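Structural description and commentary
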Amino acid sequence: MNAPVQINPDLFSDEILSEPNPFYSETIPHSPVVYVPSRQLYAVLSYDLVVQVADDHINFSSQFGELLKGLGATDPEIMAVLSEGWPLTDSLISNDPPLHGRFRRLVSRAFTMPRVAAMEAEIRNTARELVDAIERRGACDFVTNFAIPLPILVISRLLGSGEVPVQTVKEWSDAFVHLFGGKASRDVQLASAHLIVAFQRHFIGKIAERRADRTIEDIIASLVHARTEDDEPLSDAEILSVIQALLIAGNETTTSTLAEGMKLFIEHPQQVEKVLRNPKLFGDMVEEILRLTSPAAGLWRIAANDTQLGEVAIPKGALLNLRFAAANRDPGHFPDPNKFDVERPNARTHLAFGRGIHMCIGNMLARKELVIGFEELLTRLTDFRITDRAALNYPPNMVTRGLSALPISFRRQLERADAL
Ligand code: HEM
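The following refers to the structure shown. What you see is a predicted model, and the numbers here were worked out from it, not measured in a lab.

On to the coordination of the iron atom of the ligand, then. Inspection of the coordination sphere of the iron atom of the ligand shows a single protein donor, C360 (SG), at 2.3 Å. Positionally, C360 belongs in the loop between α17 (324-327) and α18 (363-380).

The tendency in soluble globular proteins is for nonpolar side chains to be buried as a group. Judged by nonpolar contacts, the single largest core of 92 residues is most densely connected at M285 and F374. Ranked by size, the runner-up nonpolar core spans 44 residues in total, among them L41, F60, V312 and L322.

Before going further, it helps to spend a moment on the packing of helix α12 (residues 186-212) against helix α14 (residues 236-267). Close contact between α12 and α14 brings their axes to 10 Å; oriented N to C, the two are set at 115 degrees. As α12 packs across α14, the resulting crossing turns out to be right-handed. Residues F199, Q200, F203, I204, I207 and R211 of α12 lie in contact with α14, whose contacting residues are D236, I239, L240, I243, Q244 and L247.

What follows concerns the packing of aromatic side chains. A full pass over the atoms with the stated rule returns 10 aromatic pairs. Seen from their ring centres, W172 and F199 are 5.8 Å apart, and the 75 degrees between their planes marks the pair as edge-to-face. Of this pair, W172 sits in helix α11 (residues 166-180) while F199 sits in helix α12, and the two are 27 residues apart along the sequence. A relative accessible area of 7% places W172 in the buried class. Ring pairs connect the aromatic residues W172, F176, F199 and F203, which therefore count as one cluster. Lying across the ring of F103, R102 places its NZ or CZ 5.4 Å from the centre.

Before going further, it helps to spend a moment on unusual backbone geometry. The linkage connecting P97 with the following residue, P98, adopts the cis geometry, with an omega of 5 degrees. Note that P98 resides in the loop between α5 (76-83) and α6 (99-110). Unusually for a residue other than glycine, Q40 sits at a positive phi of about 50 degrees. Tracing the backbone shows Q40 in the loop between β2 (33-36) and β3 (41-44). With a relative accessible area of 59%, Q40 lands in the exposed category. With a phi close to 40 degrees, S294 is a non-glycine residue in the positive phi region.

A word on the pairing of β2. Every other side chain in a regular strand lies on the same face of the sheet, so the side chains alternate between the two faces. Across the two faces of β2 the burial is the same, with V33 and Y35 and V34 and V36 all buried. Hairpin remark: β2 followed by β3, antiparallel, with four residues in the connecting loop; positive phi at Q40, about 50 degrees.

In this section: the site of the ligand. As a structural note, the neighbourhood of the ligand is formed by 27 residues, with H100, R104, R301, H358 and C360 the closest of them. I93 places a main-chain nitrogen or oxygen 3.4 Å from an oxygen atom of the ligand. Residue H100 places a side-chain N or O atom 2.7 Å away from an oxygen atom belonging to the ligand. Sorting the residues of the shell around the ligand by element identifies α6, α14 and β6 (298-303) as the ones contributing at least two each. A total of six residues in the shell around the ligand trace back to one element, the largest contributor, which is α14. Residue composition of the shell around the ligand, grouped by class: 17 nonpolar, eight polar and two charged.

The rules behind each value
Residues numbered from 1 in each chain as written. Predicted model: local features only at pLDDT ≥ 70, side-chain atom pairs only at ≥ 80, totals over all residues. Heavy atoms only, no water. Donors = N, O, S within 2.8 Å, 3.2 Å for Na, K, Ca; no water. Helix = DSSP H or I, 4+ residues; strand = E, 2+ residues; numbered from the N terminus. Core = buried A, V, L, I, M, F, W, Y, C linked by side-chain atoms within 4.5 Å. Buried < 20%, exposed > 50% of the residue type's maximum accessible area, 1.4 Å probe, protein only. Axes fitted to C-alpha atoms, helices over the stretch in contact; angles between N-to-C directions. Left-handed = near helix turned anticlockwise from the far one by under 90°. Contact = heavy atoms within 4.5 Å. Phe/Tyr/Trp six-rings, centres within 6.5 Å; stacked < 30°, edge-to-face > 60°. Lys NZ or Arg CZ within 6 Å of the ring centre and 35° of its normal. Pairing = 2+ DSSP bridges. Near = heavy atom within 4 Å. Polar contact = N/O pair within 3.5 Å; in protein donor to acceptor, adjacent residues only side chain to side chain. Nonpolar A, V, L, I, M, F, W, Y, C, P; charged D, E, K, R; others polar.

Take a look at the structure:
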């Protein structure tokens, strides 16, 4: 049995978190799992080992809720702010069976396929309105004007919270990401704690409305009226936890994938031409963009037993970061992993949505938003260019990765047709 491989560069340094892809494809072939001494954790990198861990919830627990609280678990001022709200309860992502299954069954019922399918027309209208708003301007920050509002407007409608401004929902969602991301300053974490309490107060109001009025039908109403196997209703903190899971998991990730997709279109126009000539490729292209983006870059696990990953012994209690983003660049599974190829035969085997019992519950919705969003953009606009490369920045975060801005210019498809 070999000792764990030590790495010199901190995988979680700002430099590598911002630009990790060369590191992944170079490291995986000789070190599929690495120990990061500065963080006292194992980073699981290769496709096969990420699959092994994600499929094995017995040996690799998801009860990492305490970690998610960041300084909220130790800093007295931040703890005091959070104590004005409702406890940050574990529901889905940071829970194990049997409790995880109890929540998962309820949310799956609330998140039925017909409900997602019914969103299709609304997603298309929302995407059209966003393109309407930018098409004559010829330039915009794609992140602010398209990638952020599309998923926020969709999830806000699903949660019956359409009246809240996009900017407010974005601040709430960012607050959780800052508290959980392991990289934000204390000031940012303190501000995030205030925002989290504001988020909780807003949704407690929504929960109360639905308790009082049984005619309201949306996901929150389904959660309020749901009964578990032992006929117990969910508590307010439990419902808030599910809403929080849907809100954060659904926003940041879809925003990052839309933005990275646009950057890939600009860098690889010949791939876009291929898809426009054969629109059946839209779905495959989205899978390839998800593979290359992997916005949920790394999630946590805790070893529940002494166990083994490849040649590395993992002691009980060890903290692991499951790098979905690295697995998706494993040259052993995806040849030429850094290439954008809309016809990659095995793109659909990517792990951007995870796998196993925690596999993303919103994956069908996210895929719909991505296909529809890209269809609207690519069929109505053309000649996309980046106008300020210096503005491109991936804020370092141990869990998520995505562009914070993408200033672009473009023309309307009609103008291109006229010019030809
Ligand atoms: C491109 C978009 C998305 C990506 C890449 C993504 C990625 C992921 C990943 C990797 C996991 C598994 C975490 C783990 O194994 O620890 C996950 C879980 C989850 N996702 Fe997503 N997600 C996306 C969109 C969404 C959307 C739109 C929603 C809902 C509106 C959503 C809700 C959830 C929830 C609730 C979980 C926890 C499931 C569980 O623990 O059983 N996600 N997501």
